[in-house]
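# Structural characterization, general
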Amino acid sequence: MKIIIDSEKRIAELAAQRYVKLLNEKPAAVLGYATGSTPLGLYAELIRLNKAGAFSYAQATSFNLDEYAGLDGSHDQSYRYFMNHNLFDHVDIRKDHTFVPSGLDLSPETAAAYDKAIEAAGGIDLQLLGIGNNGHIGFNEPGTPFGSITHLVELTESTRQANSRFFASIDEVPTHAVTMGIRTVMNAKSVILMAIGKAKAPIMKETLQGPVTENVPASVLQLHPDVEFYLDYDAASLL
Ligand code: PGA
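Rules of the game
Sequence order sets the numbering: in each chain, residues are counted from 1 along the sequence as written. The model is predicted, so local features are restricted to residues of pLDDT at least 70 and side-chain atom pairs to those at 80 or more, both for listing and for counting; the totals for chains, interfaces and linings are taken over all residues. Values shown for side chains rest on all heavy atoms present in the structure; no hydrogens or waters enter the calculation. The convention used is that axes are lines fitted to C-alpha atoms, helices contributing only their stretch in contact, and that angles between N-to-C directions extend from 0 to 180 degrees. Counting from the N terminus, the helices are DSSP H or I runs at least four residues long and the strands are E runs at least two residues long. Throughout this description, any angle smaller than 35 degrees is read as roughly parallel, any larger than 145 degrees as roughly antiparallel, any in the 65 to 115 degree range as roughly perpendicular, and the remainder as oblique. It is the rotation of the near helix from the far one that decides the hand of a crossing: anticlockwise by less than a right angle makes it left-handed, clockwise makes it right-handed. Contacts are assigned to residue pairs that have any heavy atoms within 4.5 Å of one another. Following the grouping adopted for this structure description, the nonpolar residues are Ala, Val, Leu, Ile, Met, Phe, Trp, Tyr, Cys and Pro, the charged ones are Asp, Glu, Lys and Arg, and the polar ones are all others, Gly among them. For a helix, the expected span equals 1.5 Å multiplied by the number of residues minus one. Relative accessibility thresholds used throughout: buried, under 20% of the residue-type maximum; exposed, over 50%; partly exposed, between the two (1.4 Å probe, protein chains only). A single heavy atom is enough: if one lies within 4 Å of a molecule or strand, its residue is considered near that molecule or strand. Distance and chemistry together define a polar contact, namely a pair of N or O atoms within 3.5 Å, with one atom able to donate a hydrogen and the other to accept it when in protein, and with adjacent residues in sequence counting only for side-chain atoms on both sides. Here, Shrake-Rupley sampling with a 1.4 Å probe gives the accessible areas, and only protein chains in the shown set may cover a residue. Cavities and pockets are defined on a 1 Å grid built over the protein atoms alone: a cavity is a set of grid points where a 1.4 Å probe fits but cannot escape, while a pocket is an open set with protein on both sides within 12 Å along at least five of seven lines, and lining residues are those with an atom within 4 Å of any such point. A molecule is counted as occupying a cavity or pocket when more than half of its atoms fall within 2 Å of that pocket's grid points. Grid points are joined across faces, edges and corners, and a volume is the space filled by probe spheres set on the points.

What follows covers the packing of helix α1 (residues 8-25) against helix α2 (residues 40-51). At a minimum axis separation of 9 Å, α1 and α2 run at an interaxial angle of 50°. The orientation of α1 with respect to α2, classified from their angle, is oblique. In terms of crossing hand, the pair formed by α1 and α2 is right-handed. Contacts between α1 and α2 involve A12, E13, A15, A16, Q17, Y19 and V20 on the former and, on the latter, G41, L42, E45, L46 and L49. Classifying every residue of the contact of α1 with α2 by side-chain character gives eight nonpolar, two polar and two charged.

A rise of 1.5 Å per residue sets the reference length of α2, with its 12 residues, at 16 Å; its end C-alpha atoms lie 17 Å apart and thus fit the reference within 8%. Turning to α2, its buried residues number three or more, namely L42, Y43, E45, L46, I47, L49 and N50. Buried residues along α2 sit in contact with α1, β2 (30-33), α3 (79-86), β6 (126-129) and β9 (190-195). Positive backbone phi, approximately 85°, marks G53, located one or two places after α2.

So, about the site of the ligand. The ligand sits among G36, S37, T38, G130, I131, G132, H136, R165 and K200. In this structure, S37 approaches the ligand through a main-chain N or O atom, which is 2.9 Å from an oxygen atom. In this structure, an oxygen atom belonging to the ligand sits 2.5 Å away from a side-chain N or O atom of T38. When isolated, the ligand has an accessible area of 280 Å², and the protein chains bury 82% of it. For the ligand, the cavity whose grid points lie within 2 Å of the majority of its atoms is the largest pocket. Here the shell around the ligand is composed, by residue class, of one nonpolar, six polar and two charged.

With that settled, the discussion passes to the layout of surface pockets. Roughly 760 Å³ of internal volume is contained in the largest pocket. Secondary structure elements with two or more residues in the lining of the largest pocket: β4 (66-68), α3 and α5 (157-163). Tallied by class, residues from the lining of the largest pocket come to 15 nonpolar, 17 polar and five charged.

See below:
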């Protein structure tokens, strides 16, 4: 495990350099992307570097971690919409090479097919993660089996509360989501987890220094052979 602690701006720049290096070495790389507030600085930096010609996404493929149940890609709170607006619309990636789990077809077969599509693409080279205050990665809430693949989940109240800031009211926050499983994430060749802000400090301590337990989903990353944590000073303040 490698832990990088720096300013919010600098960790975005350092994480972006991982993509520059990977996509220059392997132009057809398979990328696992995440949504939320945390990756926004990284995405802005990737857009800047892509426009400046530091790397190209022309041959790359991406798979997003998760999607809200019930929202189609045109809904402004769907994760497909988030990715288009915050990254894909501004870089040279082929939209038909970008994948987000379906929020509308919630069948177990379709969920399992997402893992199959990742495998068929050659597996994820670099998976980006944020972390919930409760330790969730993707929408794998505490208690999710480490052996899980892409599946439908019920969101915890704390996650719905945390995400209600993007909706008019908590009642509009979906109750379910489709997420890559823990095994899907652990199958990635390399993983980057980013965390920013004081609110993430307690869970980062548990994730990095506590026991590996399904009660803290992100703690499983202690077992990953190639994982880097990019923390700002606040998120690292209890380590
Ligand atoms: P955030 O969400 O980046 O908006 O804090 C992270 C997460 O819930 O995984």
